[in-house]
Structure formats: structure tokens, C-alpha cells
Amino acid sequence: MQTERVTFLTSPDHKAALDAFAASNGKSVGHVLRAASTRYLVEGEADEEAALALLVREVEAAVPLMRADIRDTIASIKRANDAVDAVLAGERPRA
């Protein structure tokens, strides 16, 4: 297997925690980091798909409500315009 070196900076406390975790599990720090990064990459993609599915459900539920609100707003604006037109024409606005 061909490998490449990855270097990252961390705090002394984090490095000590990694060393302790690896030692307590009989693994190298490199093994722990490879396993953690692999899990992060796999779960990250699953999390994005789950988040997208939740978002789609939210949008599907929200759109009909938004459409109803827009219809109500348009009707309200039409009533207000009719009332203004009546006043400008010297008429009494309808209730």
C-alpha cells in the first residue's frame, strides 16, 4: 500500500489525549486518526443526505402555507386598493 504523510497542528493537550486514547486501545495515533477521519468522511456524507431529506420535507410542508399566505395577502391588497380608489372617487369605501 502506498502512503502519504499528513501533518497537522494541535494543542499539547489534544496531542496528549490522542496519545492516551491510542495507547489505551492498543493502537497507534496514526491508526486512530485514519479511523476517525474515515468515519468522519462517511458520516459527513450521510449527514448531508439526511439534512437534505429533512430540508425537502420542510419545504414541501411550507410551500402550500406560503401559497395560501400569498393568496390572502393579494386579496387584502386588492381590498385596500378598492377602498383607496373609492375614497379618491369621493365614494364611501365598502366594508
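For the structure, check the block above.
Notes on the structure in this doc start here. Each residue is numbered by its place in its chain's sequence as written, counting from 1. Where totals are concerned, whole chains, interfaces and linings use all residues; where local detail is concerned, this predicted model gives features only for residues with pLDDT of at least 70, and gives and counts side-chain atom pairs only at 80 or more. Just so you know, side-chain values use all the structure's heavy atoms and leave hydrogens and water out.

Moving on, we get to the overall build of the chain. Secondary structure elements follow DSSP: runs of H or I no shorter than four residues count as helices, runs of E no shorter than two count as strands, and numbering proceeds from the N terminus. Summing up its helical and strand segments, the chain has two helices and zero strands in all. Using C-alpha atoms as the atom set, the radius of gyration is obtained and then compared with a globule rule of 2.2 Å times the number of residues to the power 0.38. In terms of overall dimensions, the chain is more spread out than a globule: its C-alpha atoms have a radius of gyration of 31 Å, far above the 12 Å expected for 95 residues. With the C-alpha coordinates aligned to their principal axes, the bounding extent of the chain is approximately 90 × 25 × 25 Å. Accessible area is worked out with a 1.4 Å probe on protein chains only. A residue is then buried under 20% of its type maximum, exposed over 50%, and partly exposed in between. Within the span of the chain, comprising 95 residues, buried residues form 4% of the whole. Using a 1.4 Å probe, accessible areas were evaluated by the Shrake-Rupley method; residue-level cover was limited to the displayed protein chains. Accessible surface for the chain amounts to roughly 8700 Å². Of this, 60% is attributable to carbon and sulfur atoms. Taken as two groups, the 12 positive and 15 negative side-chain charges of the chain have centres that lie 2 Å from each other. Charge convention: Lys and Arg are scored as positive, Asp and Glu as negative, and His as well as the terminal groups of each chain are ignored. Lysine's charge is taken at NZ, arginine's at CZ, aspartate's at CG and glutamate's at CD.

The first and last C-alpha atoms of helix 1 (residues 12–24) sit 18 Å apart over 13 residues, in line with the 18 Å expected at 1.5 Å per residue. Of the residues trailing helix 1, G26 is marked for its positive phi of about 65°. Helix span, expected: 1.5 Å multiplied by one less than the number of residues in the helix.

This paragraph deals with a negative patch on the surface. A contiguous patch of negative charge on the surface is contributed by E43, D47, E48 and E49. Looking at the element boundaries, D47 is found in helix 2 (residues 29–88). Overall, the relative accessible area of 52% leaves D47 in the exposed class. Grouping into patches uses exposed residues only, defined as over 30% relative accessible area, and leaves out salt-bridged ones; the cut-off is 9 Å for like charges and 5 Å for nonpolar side chains (Val, Leu, Ile, Met, Phe, Trp, Tyr). Salt-bridge detection follows one rule: a side-chain nitrogen of Lys or Arg within 4 Å of a carboxyl oxygen of Asp or Glu.

Moving on to the pattern of salt bridges. Side-chain pairs of opposite charge can arise whenever the charged atoms involved come near each other. Counted under the stated rule, the structure contains two salt bridges. Among the salt bridges present, the one from D19 reaches K15, with a minimum N-O distance of 2.8 Å. One end of the pair is D19 and the other is K15, both in helix 1 and four residues apart, which spans about a single turn. For D19, a relative accessible area of 32% translates into the label partly exposed. Judged by relative accessible area, which is 40%, K15 ranks as partly exposed. A salt bridge links K78 to D82, with the nearest nitrogen and oxygen atoms 3.1 Å apart. A residue pair is termed a helical-turn pair when its members lie 3 or 4 positions apart in one helix, as K78 and D82 do in helix 2 at four residues.

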